[in-house]
There are 2 protein chains.
Amino acid sequence: MSSSSSLTLALDAMGGDNAPRAVVEGAALALSREPGLSFIFFGDSAQIEPILSAHPALARVSRIENTETQVESCEKPSAALRKKETSSMGRAIAAVRDGVASGVVSGGNTGALMAMAMFILRRLPGIDRPAIASVFPTMGRDTVVLDLGANTACDAENLVQFAVLGAVFSKIVRGVDTPDVGLLNVGTEDMKGREEIRAAAAILKNVPFPGRFSGHVEGNDIPKGSVDVVVTDGFTGNVALKLAEGMGRFSSHVLREALGSSWLAKAGALLAWPALRALKVRLDPRLYNGGPFLGVDGVCVKSHGGSDALGFSCAILVAAHMVENGFNARVAEEIRNLSESESALKSRDVQSLLSSSQTRPLP
Amino acid sequence: MSSSSSLTLALDAMGGDNAPRAVVEGAALALSREPGLSFIFFGDSAQIEPILSAHPALARVSRIENTETQVESCEKPSAALRKKETSSMGRAIAAVRDGVASGVVSGGNTGALMAMAMFILRRLPGIDRPAIASVFPTMGRDTVVLDLGANTACDAENLVQFAVLGAVFSKIVRGVDTPDVGLLNVGTEDMKGREEIRAAAAILKNVPFPGRFSGHVEGNDIPKGSVDVVVTDGFTGNVALKLAEGMGRFSSHVLREALGSSWLAKAGALLAWPALRALKVRLDPRLYNGGPFLGVDGVCVKSHGGSDALGFSCAILVAAHMVENGFNARVAEEIRNLSESESALKSRDVQSLLSSSQTRPLP
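Residues numbered from 1 in each chain as written. Chains lettered and ligands numbered in written order. Predicted model: local features only at pLDDT ≥ 70, side-chain atom pairs only at ≥ 80, totals over all residues.

Undergrad: When you look at the overall build of chain A in this model, what are you seeing that I'm missing?
TA: When its secondary structure is counted, chain A shows 15 helices and 11 strands. Here the C-alpha radius of gyration of chain A, 22 Å, is about what a compact globule of 363 residues would show, namely 21 Å. Oriented by its inertia axes, the alpha-carbon framework of chain A measures out at about 65 × 60 × 35 Å. Counting over 363 residues, chain A shows a buried share of 57%. Contacts spanning at least 24 positions in sequence make up 74% of the contacts within chain A whose residues lie at least 6 apart. (Helix = DSSP H or I, 4+ residues; strand = E, 2+ residues; numbered from the N terminus. Rg over C-alpha atoms; globule rule 2.2 N^0.38 Å. Buried ≥ 20, exposed ≤ 12 C-beta atoms within 10 Å, placed from the backbone. Contact = placed C-beta atoms within 7 Å.)

Below, the structure written as structure tokens:
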């Protein structure tokens, strides 16, 4: 079990409800899609070994690093940090810091993973708060939404940095030439919404950044696919993510109910089965799995805790694409450009831009 | 055209994209459902009169108050307030203050309507900020969500008051005996989320109020129907409302696409048509139209600006049910109870309750 390939990923084999099976089998699936990958599994080798040995092709490009502890799903980030040198999660992240792996994927506790990634890998220069991103399926283009939960409150500067992170991700990982970037708000008019959002808009209108600023967007613009990137604070983003997932389940539920409600409907469903099946495949949430932590100095991707092998393989591919396309180097460059423009744009100017857009609509 | 009935509603005949036709025809539909209603239409009588005369039963229980101005959909609330004595919206609200009508319904500019309602009707004693509520269809019970956009930022006390308003609405307008009330958050654990939400939870756990406090709920709990009432700030609520509406359109869109993708699928859709049609009727957003302004001292309901006659009739029925069930008197009573319990529960206690639930999960 040694690797001669150029792209090695560290996998937290103990994170997630279906670990380590989903992690190992997910790696096997990812390898069948991207033959250049190799893996280091961090976790209990007694559990990993038998699953890995059932996948000879994977075993040839993988090795196991036995670890003694693991982060529990309900553990507080502060408690989890104490296990940073012993746990499967902490050691997998450290492999990226030490240059042994190019990226890390974990299905474990999100808060702990973010805290450890920030502690072990540090932030990219110029980034105050990293953000969790994810791709949403929409009626139009797929849309990258961030932050999905790393920061419950954000200031204007955080939102501007998220816009850069999201735009670079959309550009070099999703292949969008000039991504349209919108700020999530309660209305599209300049005067609407919270002050930090209006301040971020005032800055984004006046700095060159790796996308096209589309102004404010609303909740319905996400499923509509109005823009390539939607920027919001981690509280709103987390609610939106879970609501969208829940609405997807709601729609399937009521459709299944309707198609089972009569013999005629059942016959119709049978005829339409291939089309409905294709729809289900297209919207399969597992295909959208993989929430990259953008702004961390190292590629770190969170897989959904409940995901299976297919879902985990998609998270692995997100990490692989970020590494292949040099995501972090590109972000560092864009942030340097931004800082120069922002120094030119004095904070006094932002204040005057803001005051011209009036006060909030409601008393 | 005079009214001998007991429940008169003031209608802003000029508010909304399809005004005044949707307003007048909506009133006709509402009257066919609730024969005890009567109406005063505020607006341009030259436009209203011909539509009204086509509905003799409605005309018998209605009168028109001619008004000279109207609030535009893009007008700022501060500018709209200057038209409070001349506009169809302002005069319809004033009819409630003056006791000429028991409630008001408008499809006009939401911000202007809230500002005018607060200015003309004032707030209920003990309520600091009124909230906009609406009912969401879910997999389980219908769920009342508030605030949907009146307050972009809320403190703990606001959220506690929203919980009372939502619980009373669920109880006496939606007929739920002991409504389950949840606070929208990014996780269900006590330590999760923003400080004001954790503080509101600490208060709600320790005061008697007209429902059962279910703790924190997440975005997916809305479509799941986990609780009867979901309480959140107006920013998050507005994003959630528009996202849920957009996800509904997204689901219909992809389903239509799938069912049109092949001859077999089209044949299946034809067989399943009655079932799909019933599903469409069940989820028709017009049936969920009508966002009451809870906490205003007078019944005021916002109809969606784009709604047609059916949608407007549903908003009218929401207003009628609030009046019939004495919503505001009941809220006043519950707020008195709450204030007494809260005085007993010193703010020091809230602080100690909070500190026991630790700090935020992420640095």
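Undergrad: I would appreciate a short explanation of the nonpolar core in the present structure.
TA: One recurring pattern in soluble globular proteins is that nonpolar side chains are buried together. In terms of nonpolar packing, the biggest core is built from 229 residues, with A:Leu11 and B:Leu11 touching the most fellow members. When residues of this core are assigned to domains, at least three fall in each of domain 1 (1–121) and domain 2 (128–288 + 324–363) of chain B. Not counting the four nearest positions on each side in its chain, A:Leu11 is found in contact with A:Val23, A:Ala27, A:Phe39, A:Ile40, A:Phe41, A:Phe42, A:Ala92 and A:Val105. (Core = buried A, V, L, I, M, F, W, Y, C linked by C-beta atoms within 7 Å. Domains from an automatic or database assignment.)

Undergrad: For this particular structure, what's the right way to read the relation of the copies chain B and chain A?
TA: The two chain copies are connected by a rotation around an axis plus a translation along it. Note on the identical chains: chain B maps onto chain A by a rotation of 180 degrees and an axial translation of 0.0 Å, with an RMSD of 0.0 Å. The symmetry that links the two subunits is that of a two-fold axis. Distance from the rotation axis, computed per C-alpha, reaches its smallest value in chain B at B:Gly268: 1.9 Å. (Least-squares fit on C-alpha atoms with pLDDT ≥ 70 in both.)

Undergrad: Before we go on, may I ask you to explain the sheet that holds strand S1 (residues 7–12) of chain B in this structure?
TA: Pairing between the strands of a sheet comes from backbone hydrogen bonds, and it takes one of two forms, parallel or antiparallel. Residues and elements named next belong to chain B. Read from one edge of the open sheet, 11 strands run S3-S2-S1-S4-S11-S10-S5-S6-S9-S7-S8, paired in mixed fashion. Unpaired on one side and paired on the other, strand S3 (62–66) and strand S8 (212–217) mark the two borders of the sheet. Mean inter-strand twist for the sheet, computed between neighbouring axes without regard to direction, equals 25 degrees. As paired elements, S1 and strand S4 (residues 103–106) share four bridges and run parallel to each other. In the sheet register, Ala10 faces S4, and the bridge partner there is Val104. (Pairing = 2+ DSSP bridges. Axes fitted to C-alpha atoms, helices over the stretch in contact; angles between N-to-C directions.)

Undergrad: I keep staring at the interface of chain B and chain A and nothing clicks. Help me out?
TA: By a widespread convention, an interface's size corresponds to the accessible area lost as its parts come together. At the junction of the two partners, chain B supplies 63 residues and chain A supplies 62 residues. Broken down by secondary-structure element, the contributors of at least two residues to the side of chain B that touches chain A are helix H6 (110–121), helix H9 (221–224), helix H10 (234–259), helix H11 (263–271) and helix H12 (273–282) of chain B. Per element, the largest residue contribution to the side of chain B that touches chain A is 20 residues, and it comes from H10(B). Residues that form the side of chain B that touches chain A fall into these classes: 39 nonpolar, 16 polar and eight charged. (Nonpolar A, V, L, I, M, F, W, Y, C, P; charged D, E, K, R; others polar.)

Undergrad: Quick question: what am I supposed to make of the packing of helix H10 (residues 234–259) of chain A against H12(B) here?
TA: Angle between the axes and distance between the axes: these two values describe a pair of packed helices. The N-to-C vectors of H10(A) and H12(B) enclose an angle of 140 degrees; their axes lie 8 Å apart at closest approach. If you check the angle between H10(A) and H12(B), you find them oblique. Both H10(A) and H12(B) take part in a crossing whose hand is right-handed. Contacts between H10(A) and H12(B) pair A:Val254, A:Leu255, A:Ala258 and A:Leu259 from the former with B:Ala275, B:Leu276, B:Ala278 and B:Leu279 from the latter. (Parallel < 35°, antiparallel > 145°, perpendicular 65-115°, else oblique. Left-handed = near helix turned anticlockwise from the far one by under 90°.)

Undergrad: I keep staring at the pairing of strand S5 (residues 131–136) of chain A and nothing clicks. Help me out?
TA: Along any regular strand, the residues point their side chains to alternate faces of the sheet. All names here are of chain A. With respect to burial, S5 is a largely interior element, six of its six residues being buried. Along S5, one buried face is formed by Ala131, Ala133 and Val135 and the opposite face, lined by Ile132, Ser134 and Phe136, is buried too. Pairing of S5 with strand S10 (residues 291–294) involves two bridges; the strand directions are antiparallel. Counterpart to Ile132 in the pairing with S10 is Phe293. Of the pairings in the sheet, the one linking S5 to strand S6 (residues 143–146) comprises four bridges and is antiparallel in character. Along S6, the bridge assignment pairs Ser134 with Val145. The loop that links S5 with its antiparallel partner S6 comprises six residues.

Undergrad: Looking at this model, I keep getting lost on the environment of B:Val96. Mind explaining?
TA: Residue and element names in this part refer to chain B. Note on placement: Val96 falls in helix H5 (residues 88–97). For the pair Val96 and Leu294, spaced 198 residues apart in sequence, the C-alpha to C-alpha distance is 15 Å. Those residues in contact with Val96 that sit more than four places away from it in its chain are Ala10, Ala101, Gly103, Val104, Leu121, Gly298 and Val299.

Undergrad: Would you mind showing me how to read the sheet that holds strand S2 (residues 37–43) of chain A here?
TA: Residue and element names in this part refer to chain A. Overall, mixed pairing links the 11 strands, which are arranged S3-S2-S1-S4-S11-S10-S5-S6-S9-S7-S8 in an open sheet. The sheet terminates laterally at strand S3 (62–66) and strand S8 (212–217), the two strands that pair on one side only. The sheet shows a mean angle of 25 degrees between the axes of neighbouring strands, direction not considered. With two bridges joining them, S10 and strand S11 (residues 299–302) adopt antiparallel strand pairing. Each residue of the ladder has a partner; that of Gly291, found in S11, is Lys302. Contacts between helix H2 (residues 45–53) and the sheet are confined to S2 and S3, with S3 contributing the most and set at about 165 degrees to the helix.

Undergrad: What should I look at first to understand the environment of A:Ser6 in this one?
TA: All names here are of chain A. Take Ser6: it is sitting in the segment before strand S1 (7–12). You can call Ser6 exposed: it has 11 C-beta atoms within 10 Å. Sequence separation between Ser6 and Ser102 is 96 residues, and the spatial gap between their C-alpha atoms is 9.2 Å.

Undergrad: For this particular structure, what's the right way to read H6(B)?
TA: For the α-helix, the turn length of 3.6 residues means that residues three or four positions removed from each other point alike. All names here are of chain B. Over its 12 residues, H6 runs 16 Å from end to end, which matches the ideal 16 Å to within 8%, given 1.5 Å per residue. Buried residues dominate H6, accounting for 11 of its 12 residues. Among the residues making up H6, those that are buried are Thr110, Gly111, Ala112, Leu113, Met114, Ala115, Met116, Ala117, Met118, Ile120 and Leu121. The inward-facing, buried residues of H6 abut helix H4 (77–81), H5, S4, strand S10 (291–294) and strand S11 (299–302). (Expected span 1.5 Å × (residues − 1).)

Undergrad: What is the right way to read the packing of helix H1 (residues 21–33) of chain A against helix H13 (residues 309–324) of chain A from this model?
TA: Residues and elements named next belong to chain A. Packing of H1 against H13 leaves a shortest axis separation of 7 Å and a crossing angle of 55 degrees. On the basis of the axis angle, H1 is oblique to H13. Handedness of the H1/H13 crossing: right-handed. Of the residues in H13, those touching H1 at Ala22, Val23, Glu25, Gly26, Ala27, Leu29, Ala30 and Arg33 are Ala309, Leu310, Phe312, Ser313, Ile316 and Leu317. In terms of residue class, the contact of H1 with H13 is built from 10 nonpolar, two polar and two charged.

Undergrad: What exactly am I supposed to notice about the confidence of the model for chain A here?
TA: Residues and elements named next belong to chain A. Here chain A shows a mean pLDDT of 90. Residues at 70 or above account for 93%. Within the model, the stretch residues 1–5 combines pLDDT values under 50 with 12 contacts to residues more than four positions away or in other chains. Across residues 356–363, confidence stays below pLDDT 50; counting only partners more than four residues off in sequence or on other chains, it has 18 contacts. For this predicted complex, the interface confidence score (ipTM) comes to 0.89, while the overall pTM stands at 0.90. (pLDDT = per-residue confidence, 0-100.)

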